[in-house]
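What follows is the residue order along each chain.
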Amino acid sequence: MDKIKIIGGKKLKGKIYISGAKNAALPLICASLLTEDTVTLTNMPMLSDIKAMNALLTQLGTQIDEFNDFVDGHPTKTYSYRTPQATSLTADYDYVRKMRASYYVLGPLLTRYGKCELSLPGGCAIGARPMDIHLSSLEQMGAHIEIKNGYVHASVDGRLKGCKITFRTVSVGATCNLLMAATLAEGTTILENSAMEPEIGDLATLLNDMGAKISGIGTSVLTIEGVEKLHGATHKVIADRIEAGSYAVAAAITRGKIELINAQEWTLSRPLQILKDMGVSIETTPHSIIVDAQDRDLVGKDIMTEPFPGFPTDLQAQFLVLMLTAKGASMVTETIFENRFMHVPELLRMGADINVHGHASAIVRGVEKLSGAQVMATDLRASFALILAGLIAEGTTIVNRVYHLDRGYEKLEEKLKGVGALIERIKESDEE
Ligand code: EPZ
């Protein structure tokens, strides 16, 4: 398995192009299953999760074409998806095991074909992550759901029926799945307590461009008037706010200055406010965010993860590492997932001062320095947090299990090298 080697101590300066958002692209790809026409997605990030979703759709019978493209002068991918008729309505264990977002095929297949079989995802490194809300909400719309041999067997007689659904907890995945299912349902569906993450607005915008009738975009109440058929559309994937937030921390933690090209301020207001409160300068231009921490002393701040517009759980690990370079103590509270401090034991090995209380909170104290070590993380964002620690640690840090990073950070080494980091990938074949 590849590793990433970093020699710490460089102030990062320059520009980084923020790619299209993975967590927008994954449901957008599945939205293409709702029509027999072509759906074209531009500004697609080149990530292993996108490849995995493309492989699943190919297996379902989707024809996929890939093009090299440029967005704002930066090379990206464009993919077009066409599913005249699905040849399979089953998402096998092998796909779901590799990527739980495979469950986004459930809403589209069930509403278009009246049937879907999906391997039930298990728990993962950050928590139990059940999908009971997806399933009970589809049942409210008239679906028959049975769990057998590890699979969800979902079917409906005729079309799904519009109704009012109040999610018991805010769920990004359930909101996306139900939104897609409701577009082709009979009658009107009202989704209350919906997630408001920008990626959901991006999905709703594509669906409306495909002929859906969704109102309330950007709010917690989405109203969907079902239609009989959807058609093709072309859509540019929104910039990845988590990638942007991660590189914002890279600028702050190295006391450098990075311009995040294409990043959108409204998608990051809470994390940017925390950076400002810590003493980092944030400037917004029409096409970028400039994060400047040169010659600054930072002070620690408390953070608590919440659904959007609150502080994102996907930036918790990165900000926790940043707090290690700030004056005083900071309390980091995780409210979304029950097991999202797995990066802490690795950081302790690098000299961090962190006390985790139960599963929900951690006290982080500023330290003089971290020292490089061999580390590994159990999920994507925690892996980036270890990269950040490596950027400021004395000596060499080797981050193992790079496949996590390849799922969600496009051209990671290239982007960090471009702003001055001493970073390289050690290919498995390079090792003795
Ligand atoms: C999405 O996961 C993201 N994944 C996650 O990003 C992100 O951390 C998460 O939203 C929260 O923002 C994608 O977009 C592909 P949820 P999702 O349903 O949809 C509980 C990353 O690093 N819940 O909003 O799976 C659940 O256990 C990843 O890019 C139920 O109890 O998250 C959690 O505690 C990691 N029953 C909470 O709700 C359900 O049926 C929120 O989960 C569904 C969820």
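All values derive from a computational prediction rather than experimental measurement. (Residues numbered from 1 in each chain as written. Predicted model: local features only at pLDDT ≥ 70, side-chain atom pairs only at ≥ 80, totals over all residues. Heavy atoms only, no water.)

Asker: Would you mind showing me how to read the pairing of strand β3 (residues 38–44) here?
Answerer: Regular strands place their side chains on alternate faces of the sheet. Of all seven residues that make up β3, six are buried, and the element is covered over most of its length. With five bridges connecting them, β3 and strand β5 (residues 74–82) associate as antiparallel partners. What sits directly across from M44, in β5, is K77. Pairing analysis gives four bridges linking β3 to strand β14 (residues 233–236), with the strands arranged parallel. Note on β14: the bridge partner recorded for V39 is A233. (Buried < 20%, exposed > 50% of the residue type's maximum accessible area, 1.4 Å probe, protein only. Helix = DSSP H or I, 4+ residues; strand = E, 2+ residues; numbered from the N terminus. Pairing = 2+ DSSP bridges.)

Asker: Can you help me understand the pairing of strand β1 (residues 3–7) in this one?
Answerer: Across five bridges, the pairing between β1 and strand β24 (residues 422–426) is antiparallel. Across the sheet, the residue bridging to K3 is I426, located in β24. Pairing analysis gives four bridges linking β1 to strand β23 (residues 396–400), with the strands arranged antiparallel. Residue pairing in the sheet places I7 in a bridge with T396 of β23.

Asker: What exactly am I supposed to notice about unusual backbone geometry here?
Answerer: Comment: phi is negative for the bulk of residues other than glycine, and the bulk of peptide bonds are trans. Between F308 and the following residue, P309, the backbone shows a cis peptide bond with an omega angle of 10°. Of note, P309 is situated in the loop between β18 (303–304) and α10 (316–323). Of note in this structure, N193 is not a glycine but carries a positive phi near 60°. Non-glycine residue R401 carries a positive phi angle of around 55°. Along the chain, the position of R401 falls in the loop between β23 and α13 (403–408).

Asker: Even after reading the chapter, I still don't get the sheet that holds strand β6 (residues 90–91), so can you show me in this structure?
Answerer: Through backbone hydrogen bonds, the strands of a sheet pair up, either in parallel or in antiparallel fashion. Taken together, four strands build an open sheet; the order of strands is β6-β7-β9-β8 and the sheet is mixed. On the outer flanks of this sheet lie β6 and β8 (144–148), each paired with one strand and no other. Pairing geometry for β6 and strand β7 (residues 115–119), over two bridges, is parallel. When the sheet's bridge partners are listed, A91 is paired in β7 with L118.

Asker: Is there a simple way to explain the pattern of salt bridges in this structure?
Answerer: Side-chain pairs of opposite charge can arise whenever the charged atoms involved come near each other. Per the counting criterion, the structure on display carries 21 salt bridges. Salt-bridge contacts for K427 lead to D2; the nearest nitrogen and oxygen are separated by 3.7 Å. Separated by 425 residues along the polypeptide, K427 in the segment after β24 and D2 in the segment before β1 bring together distant segments of the chain. One network of salt bridges, in which partners are shared, links D2, D406, E413, R425 and K427. (Salt bridge = Lys/Arg side-chain N within 4 Å of Asp/Glu carboxyl O.)

Function cannot be inferred from these measures alone, as they are strictly geometric.
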